[in-house]
Amino acid sequence: MSAHTSPVQGPKRVRVHHLAEAKARGEKLAMLTAYDAVTAAIFDAAGMDVLLVGDSIGNVMHGHATTIPVTVDDMIPAARAVARATKRAFVVIDLPFGSYEAGPQQALETAVRIFKETGADAVKLEGGVRSAPQIRALTDAGIPVVAHLGYTPQSENLLGGPRVQGRGDAAVEGLAADARAVEDAGAVAVVLEMVPVDVAARITEAARIPTIGIGAGPHCDGQVLVWTDMAGMTAWSPRFARRYAELGAALQQAAQDYVAEVKDSSFPDEEHSFDK
């Protein structure tokens, strides 16, 4: 590179067409969840391509055992905060359980409200063939949709818990049919969760839209993790989640140090106090 040549810069703001262009170039997409302005700004500055305001907020932030109790009213304040704090990343908001399953009209009403009240770039919903009419209705209304296949947490009671999906010929064919259905309906990307590596690779090769894996191996067009799993905020994390830090232990130690210094009156000291 000459002294007068500038390095190639990524998009100032990630848009739908940038996702497709990344797949065409073979460039992996990095995606994390975010639920508030502070973490969203940190992840955005780190170069995250996509931020997902996931209904995992129910487990991670609200203390629910599943995502099922999460409501649209729960999602909107978090989504608004993430969108406000984000300068580059493509912001996707989950449609929570009960907000789109009744059909295209319900899905459209929910998505329109979320778009108007949050500044989101796209919404995400679970299901393949069964959710294709909803995806088409949203796409026709100008709302980008990310689909979600494989293990779908909102259906965990039917699936028997967090189990790998797409094992066996019939299951593989069903998953492939779901992927074709959401693509044909207009989805701009599809999350594949807890799917065997070879199945995810097959779907990724066949799909025209990017695949985003979580527990689906390295051959997807991108990867997503719940940020608290990625950062080691909890004692346990799923098998598919690499812990890139141990922030939970660090935060606990900081809190213990604070408690100790308050108790022994070493905080606040002169440096952290005001004169007249």
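Counting restarts for each chain, with residues numbered from 1 along the sequence as it is written. Restriction of local features to residues with pLDDT of at least 70 applies here, the model being predicted, together with a cutoff of 80 or more for giving and counting side-chain atom pairs; totals for whole chains, interfaces and linings are based on all residues. Side-chain metrics in this entry use all non-hydrogen atoms of the structure; hydrogen atoms and water are not considered.

## Notes on helix α8 (residues 169–185)
Here is step 1 of the chain: Every helix listed is a DSSP run of H or I at least four residues long, and every strand listed is a run of E at least two residues long, numbered separately from the N terminus. Expected helix span is computed as 1.5 Å times (number of residues minus one). For α8, with 17 residues, the first-to-last C-alpha span of 24 Å sits near the 24 Å given by 1.5 Å per residue.
Here is step 2 of the chain: Residues Val172, Leu175, Ala176, Ala179, Ala181, Val182, Glu183 and Ala185 constitute the buried set of α8.
Here is step 3 of the chain: Directly after α8, the chain includes Gly186, whose backbone phi takes a positive value near 115°. Exposure categories follow from relative accessible area, calculated using a 1.4 Å probe and restricted to protein chains: below 20% of the type maximum is buried, above 50% is exposed, and the middle band is partly exposed.

## Some thoughts on the UniProt feature "binding site: Mg(2+)" (unreviewed entry) in the protein
Here is step 1 of the chain: UniProt positions are given in the numbering used here, feature names are shortened, and annotations may be inferred rather than shown by experiment. If you check UniProt for "binding site: Mg(2+)" (unreviewed entry), the listed places come out as Asp55, Asp94 and Glu126 in our numbering. Look at the named residues: they lie 72 residues apart in sequence, but the longest C-alpha span between them is just 11.1 Å, so in the fold they bunch up.
Here is step 2 of the chain: Within the fold, Asp94 resides in strand β3 (residues 90–94).
Here is step 3 of the chain: Contact between two residues is taken to exist if any of their heavy atoms lie within 4.5 Å; hydrogens are not considered. Leave out the neighbours within four places in its chain, and Asp94 touches Leu52, Val53, Gly54, Asp55, Met75, Ile114 and Lys124.
Here is step 4 of the chain: Relative to the elements of secondary structure, Glu126 occurs in strand β4 (residues 122–126).

## What to know about the nonpolar core
Here is step 1 of the chain: By size, the foremost hydrophobic cluster in this structure holds 75 residues, and its most contacted members are Leu138 and Leu192.
Here is step 2 of the chain: Per-element accounting of this core gives the leading share, seven residues, to helix α4 (residues 72–85). Among buried residues, the Ala, Val, Leu, Ile, Met, Phe, Trp, Tyr and Cys ones that are joined through side-chain atoms within 4.5 Å form a nonpolar core.

## Re unusual backbone geometry
Here is step 1 of the chain: With an omega dihedral of 0°, the bond running from Phe267 to Pro268 counts as a cis peptide bond.
Here is step 2 of the chain: Of note, Pro268 is situated in the segment after α11 (247–263).
Here is step 3 of the chain: Phi angles above zero are rare outside glycine, and Met194 is one such case at about 50°.
Here is step 4 of the chain: Turning to its location among the elements, Met194 is positioned in the loop between β6 (189–193) and α9 (197–206).
Here is step 5 of the chain: The backbone of Ser265 shows a phi angle near 65°, a positive value even though the residue is not glycine.
Here is step 6 of the chain: Take Ser265: it is sitting in the segment after α11.
Here is step 7 of the chain: Judged by its relative accessible area of 60%, Ser265 is exposed.

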